[in-house]
Amino acid sequence: SSGINAEYGSEMLCKRLLSKTGGLVSSVRHAAHFTYTPQTPPAHLGETTKLNMFQSINNALDIALGSDDSAVLFGEDVAFGGVFRCSLGLQDKYGASRVFNTPLTEQGIIGFGIGAAAAGSTAIAEIQFADYIFPGFDQLVNEAAKYRYRSGNEYDCGRLTVRAPWGAVGHGALYHSQSPEAYFAHTPGLKIVVPRGPIQAKGLLLSCILDNNPCIFFEPKILYRLAAEEVPLGTYTIPLSQAEIVRQGTDVTMIGWGTVVHVLLEVASMAEEQLGVSCEVIDLQTIAPYDAQTIEASVKKTGKAMVVHEAPLTQGFGAEIAARLQEKCFLHLEAPVQRVAGWDTPFPYIYEPFYLPDKWRCLDTVKKLVDFM
Amino acid sequence: DVISSGINAEYGGSAAALETSDTVFTQYREVGVYLWRGFTLDSVMNQCFATHKDNTKGRQMPIHYSAKALNIQTVSSTLATQVPNAVGYAYSNKINNKNAVTATFFGEGAASEGDVHAAMNMASTLSCPTLFICRNNGYAISTSTSDQYYGDGIAVRAIGYGMRCVRIDGNDVFAVYNGVRAARALALEHSCPVLVELMTYRVGHHSTSDDSTAYRSIDEVNYWDREDSPVGRLAKHLIARDLWSTDLEDAYAKECRKEIMTAFGRAESERGPNPLWMFDDVYDSPSPHITEQREQLREHLERYGDNYPLDKYMPLD
């Protein structure tokens, strides 16, 4: 469980954006569009240390490689530590046959990962940006997702985990900001997971690695450095396909994943202060298969629901949730299910402040919900 | 269905050259490899008819075999996707010190796919003991090699990757055997990939949905079928050494046809699997939303079952 500790003020981000070839593309400073709310580590997990999200992911990978001799980690630039430092120190520690660079080919990386997993290796493939996962889309959708089913359960590639940096980063534009979860959630056989911070990233990534189905783990890149909190040192997992109620409330159900959960936590505070409205914030965590039970129970309680995601509105994963909620909770609804999302445009550069589902659009949606009837 | 006539030396020769410990990733025209390793006619027919006895539970269309017991991976319709899979498999074997190669088959058409480029580049960079066995049979459905590539076929591409390669007369079963055997030894000794290009000719149509007279002359087909067919050449070779005869051939062909048609008949009369098996094996264990849908279908069939061919399937459980 997590609570809301002292909030940090809006941080100035100084971030270098690396091009695919590793060269410096731009150096910009932006205020993040949200405030990161550090999560409280579960007390029973014992000793903690302060880690940011790339460090907690690095820690999870270290644990996976250290506890499973069959585990291998590969992708572009992972040997020196990775463009986001997630694999720092791991090649030195585990050797070049287990942590290694691949040529620049996402279809090759994922195809290779599927084969290695089928052969019995715990295969952890890194795709440098989720925006570049598409050359591997065929391998993921037609091979990985169907490997077990088409063989009548004789074969599987369940030991495959694909990781990719995901989501808005302030200046990423079309090709360094995408949230492609909806494409993959439409494919039976894959699991899709998105953490909201360092504690969840470590626990959920370890679950993906242990899970016996091919998993795609999207890492909100804006949180790699910006999100820091006390993270349990030991080995722990957070179950897949279980949503978490991050803030309890009675009037409005807010559903999101990744970075947006922190936007929603901020909006929940604003709604309480300014409108006297009590919001329940739910982090879906696993997009597919998702925890319908938790969100349905919440919406039956509040009668008012909103789903928020950075990905474009049309056919975003919010559409699935909205359809499900209206089907299962119809008689409990006091207002139509709302979605707040990126607009139906490619992810734009200079327009990003106007593009994202920010706290003002979300607050306005809360008002719309409570004012409906 | 996909037909394998005119390309038999590839299977006999290459399958015989491999060990059963070598995992094979096929494309779709390699039933000969399955048969060589012991896949029964009943297994073939049960998959083709998608009966309840099919080891893949009726999940795929005909000829999409899978045989874990024979160390052959599942056929998938997508071309060339198996090629990088084979490379990853080989890598895993290598770091686990397995004394085996991973072999993958694909046609000269599939070789145009990006997956093959990606796979070969990765196999050579990462030193994966992989055999890339390309069946160059002159056609990808109706597309002849002159529309498929402009360079000197597939084998030479290996040079671009720093990889070893060999081009073999694919209609000479002994050449295929010896060549693949040598390639295998090389791959194991150096933990490296080797590209083997087997030159042959697709006598048959692409599949039962194809009529190849639409794009090639009957004279061309007849030439290969009569003058340079792998079975024909092997037969001539054995007959010249008094090891075979046309009478033996006729009798054997008759016997094979009988075995095949008997297995065909057996499978044809079998029912399909329990329809609710459709919902299994999406994940390693049932997911609530799939279970929910399973029950929705069951409930639907309880009320509307008369409109469905339930008598052709095993009972719902």
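Refer to the preceding data block for the structure.
Definitions and cut-offs
- Residues numbered from 1 in each chain as written.
- Chains lettered and ligands numbered in written order.
- Predicted model: local features only at pLDDT ≥ 70, side-chain atom pairs only at ≥ 80, totals over all residues.
- Heavy atoms only, no water.
- Helix = DSSP H or I, 4+ residues; strand = E, 2+ residues; numbered from the N terminus.
- Rg over C-alpha atoms; globule rule 2.2 N^0.38 Å.
- Buried < 20%, exposed > 50% of the residue type's maximum accessible area, 1.4 Å probe, protein only.
- Lys, Arg positive; Asp, Glu negative; His and termini not counted.
- Charge placed at Lys NZ, Arg CZ, Asp CG, Glu CD.
- Axes fitted to C-alpha atoms, helices over the stretch in contact; angles between N-to-C directions.
- Parallel < 35°, antiparallel > 145°, perpendicular 65-115°, else oblique.
- Left-handed = near helix turned anticlockwise from the far one by under 90°.
- Contact = heavy atoms within 4.5 Å.
- Nonpolar A, V, L, I, M, F, W, Y, C, P; charged D, E, K, R; others polar.
- Buried area = accessible area lost by both parts, 1.4 Å probe.
- Salt bridge = Lys/Arg side-chain N within 4 Å of Asp/Glu carboxyl O.
- Polar contact = N/O pair within 3.5 Å; in protein donor to acceptor, adjacent residues only side chain to side chain.
- Pairing = 2+ DSSP bridges.
- Core = buried A, V, L, I, M, F, W, Y, C linked by side-chain atoms within 4.5 Å.
- Phe/Tyr/Trp six-rings, centres within 6.5 Å; stacked < 30°, edge-to-face > 60°.
- Lys NZ or Arg CZ within 6 Å of the ring centre and 35° of its normal.
- Expected span 1.5 Å × (residues − 1).

(A) Structural view of the overall build of chain A. Assigned secondary structure in chain A consists of 13 helices and 16 strands. Whereas a compact globule of 373 residues would reach a radius of gyration of roughly 21 Å, chain A reaches 20 Å, a difference of no more than 12%. For chain A, the spread of C-alpha atoms along the three principal axes comes to 60 × 50 × 45 Å. In chain A, which comprises 373 residues, the proportion classed as buried is 65%. A distance of 1 Å separates the average location of the 29 positive side-chain charges in chain A from that of its 39 negative side-chain charges.

(B) Region of interest: the packing of helix α1 (residues 53–67) of chain A against helix α7 (residues 198–210) of chain A. Residues and elements named next belong to chain A. Between α1 and α7, the shortest axis-to-axis distance is 8 Å and the interhelical angle comes to 30°. Here α7 runs roughly parallel to α1, going by the angle between their axes. For α1 against α7, the interelement crossing comes out right-handed. On the side of α1, the interface is formed by Met 53, Ser 56, Ile 57, Asn 59, Ala 60, Leu 61, Ile 63 and Ala 64, while α7 contributes Pro 198, Ala 201, Lys 202, Leu 205, Leu 206 and Ile 209. When its residues are assigned to classes, the contact of α1 with α7 shows 11 nonpolar, two polar and one charged.

(C) Representation of the interface of chain A and chain B. The interface of chain A with chain B comprises 42 residues on the first partner and 42 residues on the second. Where chain A abuts chain B, roughly 3500 Å² becomes buried across the two surfaces, and 54% of that area is made up of carbon and sulfur atoms. Summed over the shared surface of chain A and chain B, the number is two salt bridges. With its nearest N and O atoms 3.0 Å apart, the salt bridge here joins Arg324(A) to Glu292(B). Across the contact surface, chain A and chain B share 22 residue pairs in polar contact (both at pLDDT 80 or more). When contributions to the side of chain A that touches chain B are tallied by element, the ones reaching two or more residues are β5 (99–101), α3 (106–118), α4 (137–144), α5 (147–150) and α11 (317–329) of chain A. If one sorts the elements of the side of chain A that touches chain B by residue count, α3(A) sits on top with nine residues.

(D) Representation of the sheet that holds strand β15 (residues 305–312) of chain A in the model. All names here are of chain A. The five strands are arranged β11-β13-β12-β15-β16 in an open sheet whose pairing can be described as mixed. In the strand order of this sheet, the two ends are held by β11 (244–247) and β16 (338–342), each with one partner. On average, adjacent strands in this sheet sit at an angle of 25° to one another, irrespective of strand direction. Note: strand β12 (residues 252–256) against β15, three bridges, orientation parallel. Note on β15: the bridge partner recorded for Thr 253 is Ala 305.

(E) Fine view of the packing of helix α9 (residues 260–275) of chain A against helix α13 (residues 359–371) of chain A. All names here are of chain A. Two elements in contact, α9 and α13, have axes separated by 9 Å at closest approach and are oriented at 50°. Classified by the angle between their axes, α9 and α13 sit oblique to one another. Crossing angle aside, the handedness with which α9 passes α13 is right-handed. From α9, Val 263, Leu 264, Glu 266, Val 267, Met 270, Ala 271, Gln 274 and Leu 275 reach across to α13, where they touch Lys 359, Trp 360, Cys 362, Leu 363, Val 366 and Lys 367. Grouping the constituent residues of the contact of α9 with α13 by class yields 10 nonpolar, one polar and three charged.

(F) Representation of the nonpolar core. Grouped together as the largest cluster of nonpolar side chains are 77 residues, with contacts concentrated most on Phe218(A), Leu284(A), Phe106(B) and Phe132(B). When neighbours within four sequence positions are excluded, Leu284(A) is seen to be in contact with Gln242(A), Ala243(A), Ile255(A), Gly256(A), Trp257(A), Tyr290(A), Asp291(A), Ile295(A), Phe317(A) and Ile321(A). Counting residues in hydrophobic clusters, the runner-up holds 67 residues, among them Phe129(A), Leu205(A), Leu223(A) and Val252(A).

(G) Up close: the packing of aromatic side chains. One pass over the full model with this rule turns up 25 aromatic pairs over all chains. Both rings, one in Phe39(B) and one in Tyr65(B), keep their centres 5.5 Å apart while their planes meet at 65°; by these two values the pair is edge-to-face. Of this pair, Phe39(B) sits in the loop between α2 (31–37) and α3 (41–48) while Tyr65(B) sits in the loop between α3 and α4 (82–95), and the two are 26 residues apart along the sequence. Tyr65(B) carries the same exposure label as Phe39(B), and that label is buried. Over the ring of Trp343(A) we find Arg361(A), and its NZ or CZ is 3.8 Å from the ring centre.

(H) Structural view of the pattern of salt bridges. Residue and element names in this part refer to chain A. The full count for this structure, using the stated rule, is 34 salt bridges over all chains. Here Arg 150 ties to Glu 143 by a salt bridge, and the two come within 2.8 Å at their closest N and O atoms. Accessibility assignment for this pair places Arg 150 and Glu 143 in one class, buried. In this structure, Lys 304 and Glu 334 form a salt bridge, with 2.9 Å as the shortest nitrogen-oxygen distance.

(I) Representation of α1(A) in the model. Residue and element names in this part refer to chain A. Compared with the 21 Å implied by 1.5 Å per residue over 15 residues, the 21 Å span of α1 between its first and last C-alpha is a close match. Burial of α1 is extensive: 12 of the 15 residues sit out of reach of the surface. Inspection of α1 places Met 53, Phe 54, Ser 56, Ile 57, Asn 58, Asn 59, Ala 60, Leu 61, Asp 62, Ile 63, Ala 64 and Leu 65 among the buried residues, and these make up the whole buried set. N-capping of α1 is provided by Asn 52, with a side-chain oxygen placed 3.2 Å from the backbone N of Phe 54.

(J) Inspection of the sheet that holds strand β14 (residues 286–288) of chain A at higher detail. All names here are of chain A. If you walk across this open sheet you meet the seven strands as β5-β4-β6-β7-β9-β8-β14, and the pairing is mixed. Whereas interior strands pair on both sides, the edge strands pair on one side only; in this sheet they are β5 and β14. Shown here is a sheet whose adjacent strand axes are inclined to one another by a mean of 20°, direction ignored.

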